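Listed below, chain by chain, are the residues.
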Amino acid sequence: MCVKLNTVEVKCWDAYISYFYSFKNFYIQNKNDQQAIQDITASLQLLENEDLMSVSMMPGDLVAAKYENDGLWYRAKILNIEENAFTVQFIDYGNSELSTNLKMLPEKLACYHAMAYHCMLDDVDHEEYVISTVNDIYDLIFDFLGSVEVIVTFLNNEETYLVNMRWDDRCIKTLVNNIISYGITPKTYETLKAIDHSGAKMVVNLIYTQSVNEFYVETEDSKKIQNKIEYILENETIWEPLTEYKIGKIAIAKSITDNRWYRVRLLMIHEEGECTCYFIDYGVQDKCSEFYEVFGYLKSAPPFIKLCSLHIPTLKKNKKLFECLSKSFKDEMEQYKHKKMTITVVKTGEPTVVELFVDDFNVAQLIKPIPVIVFNIIHLNILTVQVNSPSRQAVMSELSTIKTLNPVEKPKYCKIYGALVNNHWYRAELKNKSKGFMDVMLVDMGSSVLNVEKLFELPKHLQNVQYLTLRCSLGLDEKYFSLNKLKQICNSKTEFMMIVLENNNIDGHLIRLFLNDEDVMTIIKKD
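Notes on the structure follow.

About the thresholds
- Residues numbered from 1 in each chain as written.
- Predicted model: local features only at pLDDT ≥ 70, side-chain atom pairs only at ≥ 80, totals over all residues.
- Heavy atoms only, no water.
- Pairing = 2+ DSSP bridges.
- Helix = DSSP H or I, 4+ residues; strand = E, 2+ residues; numbered from the N terminus.
- Axes fitted to C-alpha atoms, helices over the stretch in contact; angles between N-to-C directions.
- Contact = heavy atoms within 4.5 Å.
- Phe/Tyr/Trp six-rings, centres within 6.5 Å; stacked < 30°, edge-to-face > 60°.
- Buried < 20%, exposed > 50% of the residue type's maximum accessible area, 1.4 Å probe, protein only.
- Lys NZ or Arg CZ within 6 Å of the ring centre and 35° of its normal.
- Core = buried A, V, L, I, M, F, W, Y, C linked by side-chain atoms within 4.5 Å.
- Parallel < 35°, antiparallel > 145°, perpendicular 65-115°, else oblique.
- Salt bridge = Lys/Arg side-chain N within 4 Å of Asp/Glu carboxyl O.

### As for the sheet that holds strand S17 (residues 284-293)
Think of a sheet as strands paired side by side through backbone hydrogen bonds, with each pair either parallel or antiparallel. The sheet built from four strands closes into a barrel, its strands ordered S14-S15-S16-S17 with antiparallel pairing. Across this sheet, the average inter-strand angle for adjacent strands is 70°, counted without regard to direction. The pairing of strand S14 (residues 250-255) with S17 spans four bridges and is classified as antiparallel. Counterpart to Ile 252 in the pairing with S17 is Tyr 292. Set on the sheet, helix H5 (residues 172-182) makes contact with strand S15 (261-269), strand S16 (275-279) and S17; between it and S15 the angle comes to about 120°.

Okay, structure coming up:
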């Protein structure tokens, strides 16, 4: 038999999930293989009824096996033999079962490569745990993934394939977490997409910030919607009891915490007649009891707070980086919480992916990682960073090509000059004069101060380039992290990516540094 698994050369496929066991154990089919799969299946149904029981078969042999659920024949590989029964795996789909109905597989059908590719999703430990412990969520995910076309990106070249997977331009992991955290099933998601349209702009107030992917805003119409919802919940008397309890089901329920009525989505169903719910209009989870069907305006009204996710198109996939960005975002939003903000809808649904603007500044640009050079490391929590902007890089490059500059007889304070240090030109600002020498600050070198005899005239365009240095802190304890290790990786050419976790102009901004996508904390940790 010459069947083999086709080498994955294309890194991104349109695909179908042919069988799903879990996020770390499922099979996909390439969309381009669908016609071949159909042709193979059709040919198998025409085989003569040969009995394999008289033929000596071994584990690993390829056969045609009947799938009892639909009574059709498929290509299969024998995994195990017990008396007169065979455990087989259907190689074009991935699922396995016990079978006694086998036929010889013609050579021409055996020579097709196996059409099912064994895969596992990247970074899904939490999601894997949830679906393994909550049967209702597993069933929902199983049914959904078996019915849609997905985009699969391969992260390695050997089976089991490590992959990322997207549907409707969203990571499957996002979809699953929407179900777990908010009760947003695929059906609910499609309904919520209709509330807004891509490109819509609206003025909002910030309500609450959890992370880059979860923050809540209140629109200008929110108060009117809220008043109407609360009036109905407090005054309506004719309600129908909820008859179907399913994850994602929208209902009216009483909070166990305050005994008030709310619109909710069911997240987890408990045997004692209670459910863990997501409060649609408040963005929190709590347990509820006494469930009723939604009706009228309560069924059609949008949430009076909007769940949003910040659009950061250039963000790399890095868990630590994401956590730091979320802290930075929360700190930034705390400063602006009393200001009017504007959102632009990038992608509808829930969370709504938005661009967020404060005073016409795009917040994603404010919090994005900044390239910096680190100088003047006195302590893990006392250091200077210089923003390594393109303009700084251009200045340093041009200074390296300059041969001579004209000396300045009477340099002035607060003006930028050239200083020659160890045969290299730097931009410098005069700080102090004393007995024929001058203390100057090297403005592109972390504002380092040194002593020179002369200053030189710079071309006008080099004088006017702005510079930015910041006093910063890593917020680390020297009992656990090494100052010497930090100094060893820092020099005037090493570029780090910096995220400001907390703004502090007095004691120094709390920052996190990344070097080649690795958190510097892990590099300088003591052995």
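Still to come is the rest of the account.
### Some remarks on the packing of aromatic side chains
Considering all chains together, one arrives at 29 aromatic pairs under this definition. Ring plane angle 75° and centroid distance 5.3 Å describe the contact between Tyr 74 and Tyr 93, whose orientation is recorded as edge-to-face. In this pair, Tyr 74 is assigned in strand S4 (residues 72-82) and Tyr 93 in the loop between strand S5 (85-90) and strand S6 (96-99), connecting sequence segments 19 residues apart. Looking at Tyr 74, the relative accessible area reads 11%, which means it is buried. When the centroid spacing of 5.4 Å and the interplanar angle of 85° are considered together, the rings of Phe 154 and Tyr 161 count as edge-to-face. You'll find Phe 154 and Tyr 161 in the same group, each marked buried. Through a chain of ring-to-ring contacts, the aromatic side chains of Tyr 19, Phe 20, Tyr 21, Phe 23, Phe 26, Tyr 27, Tyr 138 and Phe 142 assemble into a single cluster. Note that Lys 103 overlies the ring of Trp 73, its terminal NZ or CZ placed 4.2 Å from the centroid.

### Quick word on the nonpolar core
Core analysis: the largest hydrophobic core is formed by 52 residues, its most contacted members being Phe 23, Phe 26, Ile 28, Ile 137, Ile 141, Val 150 and Ile 172. Sort the elements by how many residues they give to this core and H5 lands first, with six residues.

### Some thoughts on the packing of helix H3 (residues 125-133) against helix H4 (residues 135-145)
The N-to-C vectors of H3 and H4 enclose an angle of 110°; their axes lie 5 Å apart at closest approach. Classified by the angle their axes make, H3 and H4 are roughly perpendicular. Facing H3, whose interface residues are Val 130, Ile 131 and Thr 133, H4 presents Asn 135, Ile 137, Tyr 138 and Ile 141.

### A word on the sheet that holds strand S24 (residues 416-421)
Pairing is antiparallel in the open sheet, where four strands are placed in the order S24-S25-S26-S27. Strands at the two margins of the open sheet, each flanked by one partner only, are S24 and strand S27 (448-452). Strand-to-strand, the axes of this sheet are offset by a mean angle of 50°, without reference to chain direction. Relative to strand S25 (residues 424-434), S24 runs antiparallel, the two sharing six bridges. Residue pairing across strands places Leu 420 opposite Trp 425, the latter belonging to S25.

### Structural notes on the pattern of salt bridges
Scanning the entire structure with this criterion turns up 15 salt bridges. Across the pair Lys 254 and Glu 290 runs a salt bridge whose closest N-O atoms are separated by 3.5 Å. With Lys 254 in strand S14 and Glu 290 in strand S17, this residue pair connects regions lying 36 residues apart in the sequence. For Lys 254, a relative accessible area of 18% puts it in the buried group. A relative accessible area of 39% means that Glu 290 is categorised as partly exposed.

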